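# Fold and contact review
One letter stands for each residue in the lines below.
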Amino acid sequence: IASYLNSGVGQSCDFLSSELSDGLVLNLVGHKMKNDMKSAGIGQNEDFHKDLTYRKDKIHWLETTTSNSSERLFFELIDSWISYLNQTCYAGIMKSEFHYALYEQGSFYKKHLDQFSKNDSRVFSMIMYLNANWKEGDGGELVIYKENETIKIPPSLGRMVFFDSGKYEHEVLPTIVSRLSITGWLKRS
Ligand code: OGA
Ligand code: NI
């Protein structure tokens, strides 16, 4: 939270424990095996479309009604994180949504904002990385464009990033190895 208040981009290196990450990775890989990870789209409602020259990740939405123990633990963690934000920052978060994301070799997501043009309900974007052996040269870094600065974030295990959804454009650089994450949004309504 301190880094968020100072710079507008918050980061934690140990948001997800490695046990929890392991469980979530198994789920993600399971969805992939069942062919249950689908190409993600762009825009909302009548603007929705898929464009593989713009983003190439595959996603699977998490359900809050899940009985999977890792996902239950994940949602508990998120709930306490939201309470913390609401109490300390009066963030007014009422809802959230999360999906698994898989960027296969060569995938990327070009520069974009996370708010839809006709809907500003997304307050914070949050990304949690699940790549145990990520190293320099593997690609797939998140680049966040601030007014006077760009921040490059390695998608390594345990790391969580959050920032204002309507404020900063960002992109995912082409990844050399397959790249796993959970991305979500904390919403006003
Ligand atoms: C997104 C996004 C960044 C990342 O899904 O909107 O910007 O690092 N993801 O996965
Ligand atoms: Ni984004």
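Details of the structure are given in the entry above.
All of the points below concern the structure found in this document. Note that the structure is predicted; figures quoted are calculated from it, not measured. (Residues numbered from 1 in each chain as written. Chains lettered and ligands numbered in written order. Predicted model: local features only at pLDDT ≥ 70, side-chain atom pairs only at ≥ 80, totals over all residues. Heavy atoms only, no water.)

The helix and strand tally for the protein stands at three helices and eleven strands. For the protein, the sequential pattern of α-helices and β-strands runs α-β-α-β-β-α-β-β-β-β-β-β-β-β. Expected size for 189 residues packed as a compact globule is a radius of gyration near 16 Å; at 16 Å, the protein falls within 12% of this value. With the C-alpha coordinates aligned to their principal axes, the bounding extent of the protein is approximately 40 × 40 × 40 Å. A fraction of 78% describes how many contacts in the protein between residues 6 or more apart in sequence connect residues 24 or more apart. About 9800 Å² of surface is accessible on the protein, with carbon and sulfur atoms providing 50% of the total. Side chains of the protein give 21 positive and 24 negative charges; the mean places of these two sets differ by 4 Å. (Helix = DSSP H or I, 4+ residues; strand = E, 2+ residues; numbered from the N terminus. Rg over C-alpha atoms; globule rule 2.2 N^0.38 Å. Contact = heavy atoms within 4.5 Å. Areas by Shrake-Rupley, 256 points an atom, 1.4 Å probe, with all protein chains shown as cover. Lys, Arg positive; Asp, Glu negative; His and termini not counted. Charge placed at Lys NZ, Arg CZ, Asp CG, Glu CD.)

The next point concerns the sheet that holds strand β9 (residues 160–164). Across the sheet, seven strands lie side by side as β1-β9-β6-β11-β4-β3-β2; this open sheet has antiparallel pairing. Every other strand in the sheet has two partners, leaving β1 (9–12) and β2 (38–39) as the edge strands with one partner each. Sheet topology note: the strand β4 (residues 95–103)/strand β11 (residues 179–187) ladder contains nine bridges and is antiparallel. Paired with Tyr-103 across the strands is Arg-179, a residue of β11. Along the sheet face, helix α2 (residues 18–33) touches β3 (58–61), β4 and β11 and points at about 65° away from the line of β4. (Pairing = 2+ DSSP bridges. Axes fitted to C-alpha atoms, helices over the stretch in contact; angles between N-to-C directions.)

Moving on to unusual backbone geometry. For Asn-35, which is not a glycine, the phi torsion comes out positive at approximately 60°. Among the structural elements, Asn-35 can be located in the loop between α2 and β2. Residues other than glycine seldom take positive phi values, yet Tyr-90 does so here, at roughly 50°. On the secondary structure map, Tyr-90 appears in the loop between α3 (69–89) and β4.

For ligand 1, the full set of nearby residues is Tyr-103, Tyr-109, His-112, Asp-114, Ile-127, Tyr-129, Leu-142, His-170, Val-172, Arg-179, Thr-183 and Trp-185. Within the side chain of Asp-114, a nitrogen or oxygen atom sits 3.1 Å from an oxygen atom of ligand 1. Within the contact set of ligand 1, an oxygen atom lies 2.8 Å away from a side-chain nitrogen or oxygen of Arg-179. Spatially, ligand 1 is embedded in the largest pocket. Of all the elements in the fold, those that place two or more residues in the shell around ligand 1 are β5 (109–112), β6 (122–129), β10 (169–172) and β11. The dominant element in the shell around ligand 1, judged by the number of residues it contributes, is β11, at three residues. (Near = heavy atom within 4 Å. Polar contact = N/O pair within 3.5 Å; in protein donor to acceptor, adjacent residues only side chain to side chain. 1 Å grid on protein atoms, 1.4 Å probe; cavity = no way out; pocket = protein on both sides within 12 Å on 5 of 7 lines; lining within 4 Å. Sits in = over half its atoms within 2 Å of the grid points.)

Moving on, we get to the coordination of the nickel ion (ligand 2). Bound to the nickel ion (ligand 2) on the protein side are His-112 (NE2), Asp-114 (OD) and His-170 (NE2), at distances that span 2.0 to 2.1 Å. The sequence pattern describing where the donors of the nickel ion (ligand 2) fall on their chain is H-x1-D-x55-H. Remark: His-170 occurs in strand β10 and His-112 occurs in strand β5; sequence separation between them is 58 residues. (Donors = N, O, S within 2.8 Å, 3.2 Å for Na, K, Ca; no water.)

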